[in-house]
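# Topology and contacts: notes
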Amino acid sequence: MFLAFKELKFSKLKYAMVGFILTAILFLLFFVNGLASGLATADSSSLKNLPADYVVMNSEAEGNILKSEVGENAQEELGDSVAKDQFTPLTITMSTVKGKDAVADVVYFALETDHPSLPPVIEGKPIEEITGEEVVVDESIKRQGYALHDTLHDENLGADFTIAGFLENHTYSHMSVVYTNLNDFNKRSFSNPDKNQALLYYGKETDVAKMDVLTLEETVESMPGYSETQGSLLMMVTFLFIISAFVSTVFFYVITIQKRNQFGVLKAIGASTAFIAKSLVLQVVFLTISGLVLSLLGVSGMTKLLPDEMPFEISWQMIGFTGIVFLALNVSGSLVSVHQVAKTDALEAIGRAD
Amino acid sequence: MNGIIKLDNISKVFLDGDRSVEVLKSVSMEIKRGEFVAIVGPSGSGKSTLLSIMGALLTPSSGSIVLSGQEVTNARARQLKKIRKHKLGFIFQTAHLIPYLTVQEQLLLVAEIVSKRDREQREKAAHLINDLGLAHRENSRVDQLSGGEKQRVAIARAFMNDPDCILADEPTASLDSEKGRRVVKMLRKEVKNRQKSAVMVTHDERMLDLCDRVLYLEDGMMYEERKIHDEKLPLR
Ligand SMILES: Nc1ncnc2c1ncn2[C@@H]1O[C@H](COP(=O)(O)OP(=O)(O)O)[C@@H](O)[C@H]1O
Ligand SMILES: [Mg+2]
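As recorded by an unreviewed UniProt entry, chain B carries the name Putative hemin import ATP-binding protein HrtA and is attributed to Sediminibacillus halophilus. Its UniProt record gives chain B a comment under Subcellular location (unreviewed entry), which states: "Cell membrane".

If you check an unreviewed UniProt entry, chain A appears there as Putative hemin transport system permease protein HrtB from Sediminibacillus halophilus. Regarding chain A, the relevant UniProt record gives this comment under Subcellular location (unreviewed entry): "Cell membrane". UniProt annotates chain A under Subunit (unreviewed entry) with the comment "The complex is composed of two ATP-binding proteins (HrtA), two transmembrane proteins (HrtB) and a solute-binding protein."

Turning next to helix α5 (residues 147-160) of chain B. Between its first and last C-alpha atoms α5(B) spans 20 Å; for 14 residues at 1.5 Å apiece the expected length is 20 Å, and the two agree. On its buried face, α5(B) is in contact with α7 (260-268) of chain A together with β6 (88-91), α3 (103-114), α4 (119-131), β7 (165-169) and α6 (177-194) of chain B.

To continue, consider the packing of α5(B) against α6(B). For any two helices packed against each other, the geometry is given by the interaxial angle and the distance between the axes. Residue and element names in this part refer to chain B. Between α5 and α6, whose axes approach to 10 Å, the crossing angle comes to 15 degrees. Viewed along their axes, α5 and α6 adopt a mutual orientation that is roughly parallel. Where α5 crosses over α6, the handedness of that crossing is right-handed. Where α5 abuts α6, its residues Gly-148, Gln-151, Arg-152, Ile-155 and Phe-159 lie against Lys-179, Arg-182, Val-183, Met-186, Leu-187, Glu-190, Val-191 and Arg-194. Residues of the contact of α5 with α6, tallied by class, amount to six nonpolar, two polar and five charged.

Turning our attention to the pattern of salt bridges. Counted by the stated rule, this structure contains 22 salt bridges over all chains. A salt bridge links B:Glu105 to A:Lys6, with the nearest nitrogen and oxygen atoms 2.6 Å apart. With B:Glu105 in helix α3 and A:Lys6 in helix α1 (residues 2-10), the pair connects residues from two separate chains. Of the charged contacts in the structure, one is a salt bridge between B:Arg206 and B:Asp204, with a shortest N-O distance of 3.3 Å. When salt bridges with common partners are traced through the structure, they connect B:Glu35, B:Arg213 and B:Glu224 into a single cluster.

All right, on to the layout of surface pockets then. Residues and elements named next belong to chain A. Size it by volume and the largest pocket reaches roughly 590 Å³. If you trace the largest pocket, you find 25 residues lining it, with Ser-140, Arg-143, Asp-308, Glu-309 and Pro-311 closest to the centre. Looking at the lining of the largest pocket, the elements that each hand over two or more residues are α2 (12-48), β3 (103-111) and β9 (175-181). Counting residues per element, the lining of the largest pocket draws most heavily on α2, at four residues. In terms of residue class, the lining of the largest pocket is built from eight nonpolar, ten polar and seven charged. Of the domains in this structure, domain 1 (2-43 + 227-352) and domain 2 (71-196) are the two that each give at least three residues to the lining of the largest pocket.

What counts as what
- Residues numbered from 1 in each chain as written.
- Chains lettered and ligands numbered in written order.
- Predicted model: local features only at pLDDT ≥ 70, side-chain atom pairs only at ≥ 80, totals over all residues.
- Heavy atoms only, no water.
- UniProt positions renumbered as here; feature names shortened; annotations may be inferred.
- Helix = DSSP H or I, 4+ residues; strand = E, 2+ residues; numbered from the N terminus.
- Expected span 1.5 Å × (residues − 1).
- Contact = heavy atoms within 4.5 Å.
- Axes fitted to C-alpha atoms, helices over the stretch in contact; angles between N-to-C directions.
- Parallel < 35°, antiparallel > 145°, perpendicular 65-115°, else oblique.
- Left-handed = near helix turned anticlockwise from the far one by under 90°.
- Nonpolar A, V, L, I, M, F, W, Y, C, P; charged D, E, K, R; others polar.
- Salt bridge = Lys/Arg side-chain N within 4 Å of Asp/Glu carboxyl O.
- 1 Å grid on protein atoms, 1.4 Å probe; cavity = no way out; pocket = protein on both sides within 12 Å on 5 of 7 lines; lining within 4 Å.
- Points joined across faces, edges and corners; volume = space filled by probe spheres on them.
- Domains from an automatic or database assignment.

Written out as C-alpha cells, the structure is:
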C-alpha cells in the first residue's frame, strides 16, 4: 500500500502534528488514569487485600474502620455461624515510628496469625511465622530507609518492633501497614484485648447484631473520603476519555474530508471505495499506534521522574482498552468521511459546466 | 464489430428545480477502433454530459449504448465500474494527478488499482513515460512539472490500464495553444500506435486537423462536420 505511506511522507509536517496531538492526548489520559488508580491503591490497598470475604464493623462507625469498635458479644455471635478458624479479630492502631534516621507514619494491623490465607510476603518471614516483636511491613517503608531486620521504635506506644518481612500493596491512607501477631500485641500495656476494630471472616454473609457486615469492596468504598476522591477522579478520567476520543475522531474525520478531491481523482482512474478505504485505514492505524507507543514511552519516562511517594499505577487492561477504543473511533471517524466521499463520484473530477 | 462505442438515440434530461432541461436530444454516433474523434460545441451544449455517458459515469434518460462491444444500456453499476476500470481511460481538463507521487508512481498506482504492480507493469509504465517524452521526469514529483508535462502524465496514466478507448474532456484547456498542440499530437501518436480509439472534447479548433473526424454538438444535437461547417464556424 504505497499510497498511504507516500502521503504520510509527503505531508510530514501535517501528520507529525496530528501524531503529536494524538500522543499528547493519550499521554494525558494515561497519566491522569495512572495517578487516579495509584491514589486509590495508596489509599486503600491494605483493605482491598485483607485476608477475608467479609469485614464486620460497628454500625455506628459507618464503614470507617478506624472508628469501629467490636467487642466480645459480636465475636461470640459470629462464632455461631462461622467456624472459629475462619475468623479473626483485627485491631488497628495508627502511630508513628522512628528509625535510625527517619520517621514514618504506620498503621498496625494486629490479627491472629493462624488465620487462613494471610497476605504473602515478598521478602523475609511469612506473617504466619512471626512471633514476639516481629512484624511484617509494607515495602513502602523502605523509602524511609528501613531494611529487613531493622527496628521500628514507636514512642507513642513505647514499644520496639523488628521488621521480619515485607509485603507489597498494603497501604492505608498512604501509610505503610504493619502486620503483627494479635496475641503478642495484646500482651502489651497499650492494648485493650476486649476491643477490636473489626472481625474478618471467610464464608457466607451473615447478620450480627448492631454490626455492619461489609464485603472488601464495600469496606474500601466506605473509607472516609475514598468515594469522593475516586468519584471525582473517575469523572475527570471519564470526561477526558470522552472528550479526547471525540476530538481525535473528529480530527481524522476532518483530515479525511479534506482529501475529497483526491478521492474523486482516485475514483476517476478506477479505484474502488474499498481501495481508498484500505489505504486510509492503514494511515489511521499507523498514526494511532504511533501515538499510543509514543505516549506510553512518555508515561514510562514520566514515572521515572516522579517522586517515589507519588503513587502511579497503570494496568495493561487500561492501556489495551484505550488503544482499542481509539483505534476503533479513529478508523470509524475517517470511514464516515470515506462514506460521504464515496457518494461523490468520478463525475466531479470531470469539468462539467466549465 | 469495429464500433468501440456506439450511441443510439441518446437523450439526457436534467431536472433543474421544477424545470426539466433536455441537454442531449436523440444523439447517435459511433466510434471505430483506432479512430481519433473530436467533439466541438459551445459552452453548455452538453459535451461533458455526452462524454460522461460514453464513460458510463452517467446514465442517459433514453437510448442505448454499446461500450467496448458490450451492450451496457441496462447494465448494473458493478459492471459499469468494471468496464470503466478495464476498458476506458479518462483525461480531464486539468491533469488531476496525485500531488505526492512521482511521475512513475502515478502510473504504477493505476497498475495497483487494476491488478498488481509487477515487472510487466513497470516496463509498461517506463514505455509510456518514454513515449510521452517524460523520461527525464520519471522520478519528479507533480509540483516540479510544467502544465504540459502534467497533462502528458495524465495521458500516460490513461493508457496504463490498456483501455479500448480514451475519453478526454478539454485536455488542452489549461495549456497555451502551442503546448496544447504538442499534447494532442502525443495523444494522437499513442492512439495510432496502440490502435486505440479516442474521443476528445475541445474548444480549440487549431487541434481539429489532428483528429480523424470532427462532430459538432449544438443545442443537444449532433451534426456531422459537413452539415454545419460553413455557418457555424468559428465557434468562439
Ligand atoms: N447534474 C446536472 N444537473 C442539472 N443540469 C446539469 C447537470 N449537468 C449538466 N447540466 C446542464 O447541462 C448543460 C450541459 O452541460 P455540459 O455537458 O457540462 O456542457 P459543456 O461541457 O458542453 O459545456 C448545462 O446547461 C448544464 O448546466
Ligand atoms: Mg464541459
